[in-house]
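Report on the structure
Here is what each chain is made of, one letter per residue.
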Amino acid sequence: MAQSHEATSRKPPGLRLFGGVNALRTYQTLVLVLTFFAYACFHMTRKITSIVKSSLDPKTKVGFSHWGRLQTQNTLNIGWLPFNTADGSALLGEIDVAFLAVYSIGMFFAGHLGDRMDLRIFLTIGMLGTAIFTTLFGAGYWLNIHSFYYFLVIQMISGLFQSIGWPSVVAVVGNWFGKSKRGLIMGIWNAHTSIGNIAGSLLAAFLLKFGWGWSFAIPSLIMAFVGLMVFIFLPVNPEVMEIDIDGGEINFEKDTVKEPLLEPGQEVKHKAVGFLEAWRIPGVAPFALCLFFSKLVAYTFLYWLPFYISHTPIGNEYLSDAMAGSLSTIFDVGGVLGGVLAGHISDRLNARAITAASFMYCAIPALFLYRTYGSMSIMWNICLMFITGMFVNGPYALITTAVSADLGTHSSLNGNSRALATVTAIIDGTGSVGAAIGPLLTGYISSKSWSAVFTMLMAAALLAGLLLTKLVCAELRGKVTSVVSKNATEAQDTCSDEV
């Protein structure tokens, strides 16, 4: 009975009221919905700074467009010290890099802790911490704070709390879903990244007219509320809810009627996998390095696409900052479809590496076409941006979700599921280093040539695909062997029937 009490004590407080609920699908749906909105909130708060940059460090442009008026003087465009000075853009860039650097480092520690803590509590801490420090960044508006180091430190601490989110949600979802349809399910579920980006962009842009501090405060309140829902209702794994995941029902007789699957006195007690041990799991290193370059491309678009659109004539006209920010969400819409397609295709083919590499290779011509023909007209820009977002975000979504969950439950672990958060953190943490480097390099290269920036992105996409070559070859050999074996079996059966 002690074991049952321990499981019950770890149940979310909101679900203790519903002891009669015994449907596996009900809990799986609850997990998908809660983790979807949880991580959408992480991306929503992460996107705010890229939208508010135009208010902190306004750029003066001359011209007129029916897509949005471009003003040379405006009382809202006075900026905010210290970001409206000559080196304001550099200071904002340093804050972005500091945030992503702490985020990527924190990811490794978060994964290590996530496999050793109650993920429901751990995720709640990450969400509430992020909400508090995002609010404190915006509080600089009302408190009239103009210290660069205040904003720098706040963003660094926020990055630390943000790093808790991804390893936690992937580990929870991985606990509840098997491998057979994991790619499709997680591909659809991973739309939270794009939905969060879109929500953050539109909400922050709308609130700017009331003062940039509100662009941070309101999304933070939303995140705190969702974090509270996670604490009250999120079931971490089937064991916590005393569910037999194969049968799909709660095992109420768990402590009184048992099948002796092991010899008397034998007990399986898995320990959390160590950091170096997780790196040695087959496939972790190549996928982590692939994500390094994949995220470099994706995050360059995340942080610089609105700026690129507003500073590039489309149909011989410049768009306003607000219109450019809204238009940039098309990239994320394409990313939603890309994530779903990559997940579905990889499930049907049972080939994660082939799917991810194929998408990365397709991203190369998509990037070239967007840079070359995206400025012809608004419709060309929308169509090519959508296609680019689909191919860039497809493998990024696949690797950070289904691949991470697959490798976290790899056969070499002998059934030990306590590696999910660590493996997820290693893969996404390595990718986040690329996410920090891409926007940083773009800040320097774009001052000379945007074509050079796109060349860098195409080279990164090529390297991402090449890093999976060994795994692609292994999957192809497996496919060929399977087909040959199947044909041989069919031929043998035919001969037997004839005899």
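Note: the structure precedes this text.
I will try to describe carefully the structure that is included in this document. Since we're looking at a predicted model, the values are computed, not measured. All residue numbers here refer to positions counted from 1 along the written sequence of the relevant chain. At least 70 in pLDDT is required for a residue's local features to be given in this predicted model, at least 80 for side-chain atom pairs to be given and counted, and no such filter applies to totals for whole chains, interfaces and linings, which use all residues. Note: side-chain values were computed over all heavy atoms of the structure, leaving out hydrogens and water.

**A word on a nonpolar patch on the surface**
So the rule is basically this: The patches described consist of residues with a relative accessible area above 30% and no salt bridge, like charges being joined within 9 Å and nonpolar side chains (Val, Leu, Ile, Met, Phe, Trp, Tyr) within 5 Å. The accessible surface values rely on the Shrake-Rupley method and a 1.4 Å probe; as for residues, cover is taken only from the protein chains in view. Salt bridges are defined by distance alone: a side-chain nitrogen of Lys or Arg within 4 Å of a carboxyl oxygen of Asp or Glu. The helix count covers DSSP runs of H or I at least four residues long, the strand count covers runs of E at least two residues long, and both are numbered beginning at the N terminus.
Taken together, the side chains of Leu113, Met117, Ile121, Ile125 and Phe231 make up a nonpolar region of the molecular surface, amounting to roughly 390 Å² of accessible area. By secondary structure assignment, the location of Ile121 is in helix α4 (residues 119-142).

**Some points on the side chain of Asp118**
The line we're drawing: The buried label goes to any residue with under 20% of its type's maximum accessible area, the exposed label to any with over 50%, and the partly exposed label to all in between, with areas taken from a 1.4 Å probe on protein chains only. For this analysis, residues touch if any pair of their heavy atoms sits within 4.5 Å.
On the secondary structure map, Asp118 appears in the loop between α3 (88-114) and α4. Judged by relative accessible area, which is 17%, Asp118 ranks as buried. In contact with Asp118, other than residues within four places in its own chain, are Arg10 and Val236.

**Some details on the packing of aromatic side chains**
Selection criterion: Only Phe, Tyr and Trp rings are paired, with Trp represented by its six-membered ring, and only when their centres lie within 6.5 Å; those with planes under 30 degrees apart are stacked, over 60 edge-to-face, the remainder tilted.
Within the structure shown, the criterion is met by 32 aromatic pairs. Look at Phe137 and Phe216: their rings are 4.8 Å apart centre to centre, the planes differ by 35°, and that puts the pair in the tilted class. Pair noted here: Phe137 is in helix α4 and Phe216 is in helix α9 (residues 212-233), with a separation of 79 residues, a long-range link. Note on accessibility: Phe137 and Phe216 belong to one class, buried. Between Trp212 and Phe216, the ring centres sit 6.0 Å apart and the planes meet at 80°, which makes this aromatic pair edge-to-face. Taken together, the residues span about one helical turn, with Trp212 and Phe216 both in helix α9 at a distance of 4 residues.

**Focus on the nonpolar core**
Convention followed: Nonpolar cores are built from buried Ala, Val, Leu, Ile, Met, Phe, Trp, Tyr and Cys residues. Side-chain atoms within 4.5 Å join them into one set.
Counting residues in each nonpolar core, the largest one holds 104 residues, and the members touching the most others are Met127, Trp176, Phe301, Ile309 and Tyr370. Here this core takes 16 residues from helix α11 (residues 284-310), the largest share from any one element. Apart from residues no more than four positions distant in its own chain, Ile309 is found in contact with Ile314, Leu319, Ala324, Leu327, Ser328, Tyr370 and Met385.

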